[in-house]
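A closer look at the structure
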Amino acid sequence: MSSFQGKVAIITGAGSGIGKGLAEELARRGGQVVISDINSERIEKTAQGIRAAGGQATALRVDVSDYDAVKKMIDDTVAAHGRLDYLFNNAGIAIASPAHAFAIDDWRKILQINLFGVVHGVAVAYPIMVKQGFGHIINTASVEGLAPFPATAGYVTSKYGVVGLSSALRIEGAAHGVKVSAVCPGYVKTAIFTDSKVINIDRQKQLEGLPDWLGVTPEECAKTILCGVEQNQAFIVVSLIAKFLWWLNRISPNLVIWIMSKMYRNALTKGVIQA
Ligand code: NAD
């Protein structure tokens, strides 16, 4: 029997990509999933697909940057099911830009969704899980929360924040029976690369520089994440390239900064990034 059989799981940003893959895989393994997204149409479609395959899903429109909406989603789930086993704080956006062109509204937006979206989930679910004496919070960060990347400083800031929050919370949670993991994928082939805002960047050229073999599908990513959750890994690092970069940044952070500087200057020279 699957370890997720009958378990209650909330997944944010489940209308697309990794969140959708997680929702489908959890439901396939017998989980009762409460799935949410800012996009009503997408989340309904995910739920319909799950139900058509014989799974159980409740779909909600929730903007993770809205604390009250996140609180209602979590409180209602606990009231309906009497427990919360898993919270996947997965919703996120990307905004690619050289830092000098990144406006304060872009900073606010990315931190409000990628960092505060996770903080909101933690602020509501963690005390409930401490009271229960069990539960697992899984926060989606990125390899960009484990190593620095250029032309995406706002995203890197948000994801380092998620890694820091998850690591600190993991220490406290262990004393109360609550598990906490940070998910750090490399390149997952999702809509984030076409939906995201770009500033002073040639998207076409940027995507051409991203070889297909480097990526994994959202379904593969979801399976790796659930394997890491079952093993209670602190950092669930998805894909070999992400694992390599994480390792390299720990043994030689200066080498990673040197490599990334070369990449940034190269992108400026080739016109992928406009100065
Ligand atoms: P995606 O665009 O396919 O899916 C993200 C979903 O989040 C979308 O359905 C979107 O509508 C939803 N969303 C956006 N803003 C929201 C908000 N304010 N409230 C609720 N939902 C919102 O992207 P994805 O690649 O599946 O990304 C999922 C997570 O994985 C993100 O946190 C992202 O940063 C992270 N991540 C992705 C990759 C990758 O290569 N795709 C790599 C590392 C980390």
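Here is a short report on the structure shown in this document. (Residues numbered from 1 in each chain as written. Predicted model: local features only at pLDDT ≥ 70, side-chain atom pairs only at ≥ 80, totals over all residues. Heavy atoms only, no water.)

1. Things to note about unusual backbone geometry
Leaving glycine aside, a negative phi is the common case for residues, and trans is the common case for peptide bonds. Inclusion rule: Each residue is placed in one exposure class: buried if its accessible area under a 1.4 Å probe, protein chains only, is under 20% of its type's maximum, exposed if it is over 50%, and partly exposed if it falls in between.
The backbone of Asn 200 sits at a positive phi, close to 55 degrees, despite the residue not being glycine. We classify Asn 200 as partly exposed; its relative accessible area is 29%.

2. Brief notes about the sheet that holds strand β6 (residues 136-140)
To keep things clear, this is the line we draw: Strands are treated as partners if at least two bridges between them are detected by DSSP. Secondary structure elements are defined from DSSP: runs of H or I of at least 4 residues count as helices, runs of E of at least 2 residues count as strands, and each element is numbered from the N terminus. For helices, the fitted line uses only the C-alpha atoms of the stretch in contact; every axis is such a line through C-alpha atoms, and the angle between N-to-C directions lies from 0 to 180 degrees. By definition, residues are in contact when any of their heavy atoms lie within 4.5 Å.
The strand order β3-β2-β1-β4-β6-β7-β9 describes an open sheet built from 7 strands, whose pairing is parallel. The open sheet has two edge strands with one neighbour each: β3 (56-61) and β9 (235-238). Across this sheet, the average inter-strand angle for adjacent strands is 15 degrees, counted without regard to direction. Here strand β2 (residues 32-37) pairs with β3 via 6 bridges, running parallel. Within β3, the position partnered with Val 34 by the bridge is Thr 58. Seen against the sheet, helix α2 (residues 40-52) touches β2 and β3 and runs at an angle of roughly 175 degrees to β3.

3. Looking at the pattern of salt bridges
Note the threshold: Salt bridges are defined by distance alone: a side-chain nitrogen of Lys or Arg within 4 Å of a carboxyl oxygen of Asp or Glu.
Per the counting criterion, the structure on display carries 10 salt bridges. In this structure, Arg 28 engages Glu 25 in a salt bridge whose closest nitrogen and oxygen atoms are separated by 2.4 Å. With Arg 28 and Glu 25 both in helix α1 (residues 17-28), this residue pair falls 3 residues apart, about one helical turn. Residue Arg 28 is classed as exposed on the basis of its relative accessible area of 58%.

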